[in-house]
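# Coordinate analysis (summary)
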Amino acid sequence: LQEVVSTAGRCSVSEKEVPLLLSFLHDMGHLMWLDEPGLRDVVILDPVSYLVVPATIIICKLTPDHEDTTHHFMASHRECERMHKREWMLLKHDGVLSVKLLPILWEKYQKQSEALQMLMVKFGLLVPLRSEAAGGTISQYLVPTLLAPASPNDPNVTNWTDGVFSSCYFVFTLSEELGQSSTVTEADLKSAGFLPGGMFERIVGKALSWSQDTAVGS
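Residues numbered from 1 in each chain as written. Predicted model: local features only at pLDDT ≥ 70, side-chain atom pairs only at ≥ 80, totals over all residues. Heavy atoms only, no water.

## Focus: the sheet that holds strand 1 (residues 96-98)
- Read across the sheet, 3 strands follow the order 1-3-2 without closing on themselves; strand pairing throughout is antiparallel. Pairing within the sheet leaves two strands with one partner each, and these edge strands are strand 1 and strand 2 (127-130). Pairwise comparison of adjacent strand axes, ignoring direction, gives a mean angle of 35 degrees for this sheet.
- One ladder, built from 4 bridges, connects strand 2 with strand 3 (residues 138-142); its direction is antiparallel. Looking at the pairing, valine 127 lines up with leucine 142 of strand 3. (Pairing = 2+ DSSP bridges. Helix = DSSP H or I, 4+ residues; strand = E, 2+ residues; numbered from the N terminus. Axes fitted to C-alpha atoms, helices over the stretch in contact; angles between N-to-C directions.)

Here's what the structure looks like:
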């Protein structure tokens, strides 16, 4: 941010006007700047190289399956498996990231590690798991997109409650005609509807984060 202030000053933009300038450039998609504690000092000119590349070291296909045997395995992944076998298995199979792995996974991004964690939490890519035993500090994150899909035959899914409940439906479509319709059929959804990728994972992450913020400790 101080570099931007200095550069702006040479262009006759005062320091107090810099936040307005950065907000405008952010809204126009020319850079990324978030006026929030811990992030406002970072002005990101290339979000892909700054955020997306290191994020995809964590958020990638770590385990092959019967439908697709390909998987993403880097040298840093191999080093995590060698140095922290238990934590690595926890990430692969349960989608839980230990902060012990970050110095290895983000060896090239150590200077921005703290900002990266804050950005990934902000965009729902990581969910902090607070530990009361550790005084509320964060030693693990849930990675929602690495959660294993539930089986439709899982009794915890099919028989999740014995009580009376109400259902709410959200319909996603790009069809203006369907958007104006008073009724929507299953055939309409199959032909003109879609399901946003990662929606359920994001909901799980939001619900977990909310429960940690509102739960009353014993």
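## Here we look at the environment of threonine 183
- Looking at the secondary structure, you find threonine 183 in the loop between helix 9 (176-179) and helix 10 (186-192).
- For threonine 183, a relative accessible area of 53% translates into the label exposed.
- Separated by 28 residues in sequence, threonine 183 and serine 211 have C-alpha atoms that sit 35 Å apart. (Buried < 20%, exposed > 50% of the residue type's maximum accessible area, 1.4 Å probe, protein only.)

## Description of the pairing of strand 3
- Across 3 bridges, the pairing between strand 1 and strand 3 is antiparallel. For serine 98, the partnering residue across the bridge sits in strand 3 and is glutamine 140.

## Some words on helix 3 (residues 47-58)
- The terminal C-alpha atoms of helix 3 lie 16 Å apart, and with 12 residues this matches the ideal 16 Å at 1.5 Å per residue to within 8%.
- The complete set of buried residues in helix 3 reads Tyr50, Leu51, Pro54, Ala55, Ile57 and Ile58. Summarising the axial view, the buried residues of helix 3 lie within an arc of 150 degrees, below the 170-degree limit, and thus occupy one face.
- In the core, the buried residues of helix 3 are packed alongside helix 4 (75-83), strand 1, helix 6 (102-105) and helix 7 (113-122). (Expected span 1.5 Å × (residues − 1). Arc of directions from axis to C-beta. Contact = heavy atoms within 4.5 Å.)

## Here's the deal with empty space enclosed by the protein
- In this structure the tally under the stated criterion is 1 cavity of 30 Å³ or more.
- Quantified by volume, the largest cavity comes out at close to 40 Å³.
- Met32, Trp33, Leu34, Leu39, Val42, Ile44 and Leu119 are the residues that line the largest cavity. (1 Å grid on protein atoms, 1.4 Å probe; cavity = no way out; pocket = protein on both sides within 12 Å on 5 of 7 lines; lining within 4 Å. Points joined across faces, edges and corners; volume = space filled by probe spheres on them.)

## Observations concerning the packing of helix 4 against helix 5 (residues 85-94)
- Packing of helix 4 against helix 5 leaves a shortest axis separation of 5 Å and a crossing angle of 125 degrees. Between helix 4 and helix 5, the angle is such that the two are oblique. Seen from helix 4, the contacting residues are His77, Cys80, Glu81 and Met83; seen from helix 5, they are Lys85, Trp88 and Met89.
- Residue composition of the contact of helix 4 with helix 5, grouped by class: 4 nonpolar, 1 polar and 2 charged. (Parallel < 35°, antiparallel > 145°, perpendicular 65-115°, else oblique. Nonpolar A, V, L, I, M, F, W, Y, C, P; charged D, E, K, R; others polar.)

## Digging into helix 7
- When helix 7 is considered as a whole, its buried residues turn out to be Ser113, Ala115, Leu116, Gln117, Leu119 and Met120.
- Where helix 7 is buried, its residues touch helix 3, helix 6 and strand 3.
- Where helix 7 ends, the next residue or the one after it, glycine 124, has phi of about 75 degrees, a positive value.

## Some points on unusual backbone geometry
- Phi at serine 12 is positive, roughly 65 degrees, even though this residue is not glycine.
- Note on placement: serine 12 falls in the loop between helix 1 (2-10) and helix 2 (18-27).
- When its relative accessible area of 71% is taken as the criterion, serine 12 is described as exposed.

## Here's the deal with the pattern of salt bridges
- Scanning all chains against the criterion turns up 6 salt bridges.
- Linking arginine 40 and aspartate 35 is a salt bridge whose minimum nitrogen-to-oxygen distance equals 2.7 Å.
- With a shortest N-O distance of 3.4 Å, glutamate 81 and lysine 85 are connected by a salt bridge.
- The partly exposed category is assigned to lysine 85, whose relative accessible area is 45%. (Salt bridge = Lys/Arg side-chain N within 4 Å of Asp/Glu carboxyl O.)

## Details of the packing of aromatic side chains
- For the structure on display, the rule yields 1 aromatic pair.
- Ring geometry for phenylalanine 172 against phenylalanine 194: centres 6.0 Å apart, planes inclined by 50 degrees, an arrangement best described as tilted. With phenylalanine 172 in the loop between helix 8 (155-158) and helix 9 and phenylalanine 194 in the loop between helix 10 and helix 11 (199-214), the pair connects residues that are 22 residues apart, well separated along the chain.
- On the basis of relative accessibility, which here comes to 27%, the residue phenylalanine 172 falls in the partly exposed class. (Phe/Tyr/Trp six-rings, centres within 6.5 Å; stacked < 30°, edge-to-face > 60°.)

Honestly, that's just the spatial picture; any functional story needs more than this.
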